[in-house]
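# Breakdown of the fold
Take a look at the letters that make up each chain.
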Amino acid sequence: MNPILDWGINFIAGLQTSAPWLVAPSRFFSFLGTEGFYLFILPFLYWCVDVRLGLRVSVILSVSDSLNTFFKFVFHQPRPYWVSDKVRVINTEASYGMPSGHAQHAVTVWGTMAAWVKGWPGWLMAAFIFLIGFSRIVLAVHFPTDVLAGWLIGGVILWAFLKWEAPVMASFSRFTLAQKIGLAFAASMLLLIISLAGLAFVPPADPPQWEITAARAISLAPGESAINSRVTTGMVGVAGTFFGLVAGAILIFQRGGFDARGTWWKRAVRFALGMIGVGILWLGLRMVFPRDASLVSQVLRYLRCALTGFWVAYGAPWVFIKLGLHNTANVLNQAAPR
């Protein structure tokens, strides 16, 4: 190992030995960066807090995910337990380590929310950003340098998003409805292309010792693989979800918008009904559609995720309006994203 990775191994091992109590809270904060958590929080923001905030967070998370995959391929760095048995394996990951996706997405997601709420809650969200990143070190799935790189890249993405969102939306608003939806699809393809472009930087094969050390650390049976560093199927889902969300948002704004405010019980009913639809589309179709690496499977994965995103952004709000679960005040002011 190089000196930086060696220092990282010693740092992680020291944390795990001197403060084993950190594992339980680290599991919790690590969960705040998972697909499962985002599957709940993004619809909640869109349906129950503020449509524009939910859309902003969804868009910046999609961009961050695409760039994170790209940079993982560019750096193609190992996970701590791939290279050393000094650390205790608590969580496992099959992809490359740098930059940390949890740390990077924490900056973009919680940073976007902090910019929206302003005031003291922003400090709480800054704490979440730190704790989510730090949890990945404790769990031995990232070196400290992976987390630092994630925070740095996430910060650049957040800065660019906040700086360019207004002028980009002003230009976007001048297009026709069909052109907007076409641009949304093109943008989803661009996200997929960016992530796939990183494969050009990946060496033909990873060091064999990585697989040997990782497999030994998690006690795999002979023939099973601990590392799948070149997988790209996740980005197909990200691209599909992005298209569905943006296309749905374009249509809901075209119809006059949706006001996510209202009484607590209306918000609770919205969330419950909406998540039933998410479950049917996200999980139900996942059980029906094939899940191999074939082109047909990837197209169906894109379709499944696009339908889920469209349900979140358009289908569910349309149902809420029909059932009288929306907030009727100032709905017309939601006619276009600012």
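I will try to describe carefully the structure that is included in this document. (Residues numbered from 1 in each chain as written. Predicted model: local features only at pLDDT ≥ 70, side-chain atom pairs only at ≥ 80, totals over all residues. Heavy atoms only, no water.)

## What to know about the pattern of salt bridges
Applying the stated criterion across every chain, the model contains 3 salt bridges. With a shortest N-O distance of 2.6 Å, Glu-165 and Arg-56 are connected by a salt bridge. Here Glu-165 is found in helix 8 (residues 144-172), whereas its partner Arg-56 is found in helix 4 (residues 51-75), with 109 residues between them in sequence. For the pair shown, Glu-165 and Arg-56 are each scored as buried. For Glu-93, the salt bridge is made with Arg-136, and the minimal N-O distance between the two is 2.9 Å. On the criterion of sequence distance, the pair formed by Glu-93 in the loop between helix 5 (80-83) and helix 6 (101-117) and Arg-136 in helix 7 (residues 121-138) is long-range, its members being 43 residues apart. (Salt bridge = Lys/Arg side-chain N within 4 Å of Asp/Glu carboxyl O. Helix = DSSP H or I, 4+ residues; strand = E, 2+ residues; numbered from the N terminus. Buried < 20%, exposed > 50% of the residue type's maximum accessible area, 1.4 Å probe, protein only.)

## Things to note about the side chain of Ser-297
One can find Ser-297 in helix 13 (residues 295-322). Judged by its relative accessible area of 2%, Ser-297 is buried. Setting aside chain neighbours within four positions, we find Ser-297 in contact with Pro-290, Arg-291 and Asp-292. (Contact = heavy atoms within 4.5 Å.)

## Observations concerning unusual backbone geometry
Here the residue pair Met-98 and Pro-99 is connected by a cis peptide bond, since its omega of -5 degrees sits within 30 degrees of zero. For Pro-99, the position within the fold is in the loop between helix 5 and helix 6. Positive phi, normally seen in glycine, also occurs at His-76, with a value near 35 degrees. Inspection of the secondary structure puts His-76 in the loop between helix 4 and helix 5. Here the phi dihedral of Ala-140 falls at roughly 65 degrees; this positive angle occurs in a residue that is not glycine. Judged by relative accessible area, Ala-140 falls into the buried class, the value being 0%.

## Here's the deal with the nonpolar core
Counting residues in hydrophobic clusters, the biggest one holds 66 residues, and the most contacted among them are Tyr-46, Trp-47, Trp-110 and Met-113. Ranked by the residues each element gives to this core, the list is headed by helix 11 (residues 233-254), at 13 residues. Formed by 26 residues, the second largest nonpolar core is a distinct cluster that contains Ile-9, Ala-19, Val-141 and Ala-214. (Core = buried A, V, L, I, M, F, W, Y, C linked by side-chain atoms within 4.5 Å.)

## Structural notes on the environment of Ile-194
Its location among the elements puts Ile-194 in helix 9 (residues 177-197). Sequence spacing of Ile-194 and Ile-280 is 86 residues, and the spatial spacing of their C-alpha atoms is 30 Å. In this view, Ile-194 contacts Ser-66, Leu-67 and Phe-70; residues no more than four positions away in its chain are not counted.

## Digging into the packing of aromatic side chains
Under the counting rule described, the total for this entry stands at 22 aromatic pairs. Measuring from ring centre to ring centre gives 5.7 Å for Trp-82 and Trp-210, while their planes differ by 45 degrees; the resulting arrangement is tilted. Residue Trp-82 is found in helix 5, and its partner Trp-210 is found in helix 10 (residues 208-217); the two are separated by 128 residues along the sequence. The exposure class of Trp-82 is buried, given its relative accessible area of 0%. With 6.5 Å between their ring centres and 20 degrees between their planes, Phe-243 and Tyr-302 make a pair best called stacked. Here Tyr-302 lies in helix 13 and Phe-243 lies in helix 11, a separation of 59 residues in the sequence. Here Phe-243 falls in the buried class, since its relative accessible area comes to 18%. An aromatic cluster of three or more residues is present, and its members are Phe-28, Phe-29, Phe-31, Phe-37, Tyr-38, Trp-110 and Phe-128. (Phe/Tyr/Trp six-rings, centres within 6.5 Å; stacked < 30°, edge-to-face > 60°.)

## A closer look at the environment of Leu-22
Mapped onto the elements, Leu-22 comes out in the loop between helix 1 (3-18) and helix 2 (23-31). Judged by relative accessible area, Leu-22 falls into the buried class, the value being 12%. For Leu-22 and Val-138, which are 116 residues apart along the polypeptide, the C-alpha to C-alpha distance reads 7.1 Å. Setting aside its immediate chain neighbours within four residues, Leu-22 contacts Leu-15, Phe-134 and Val-138.

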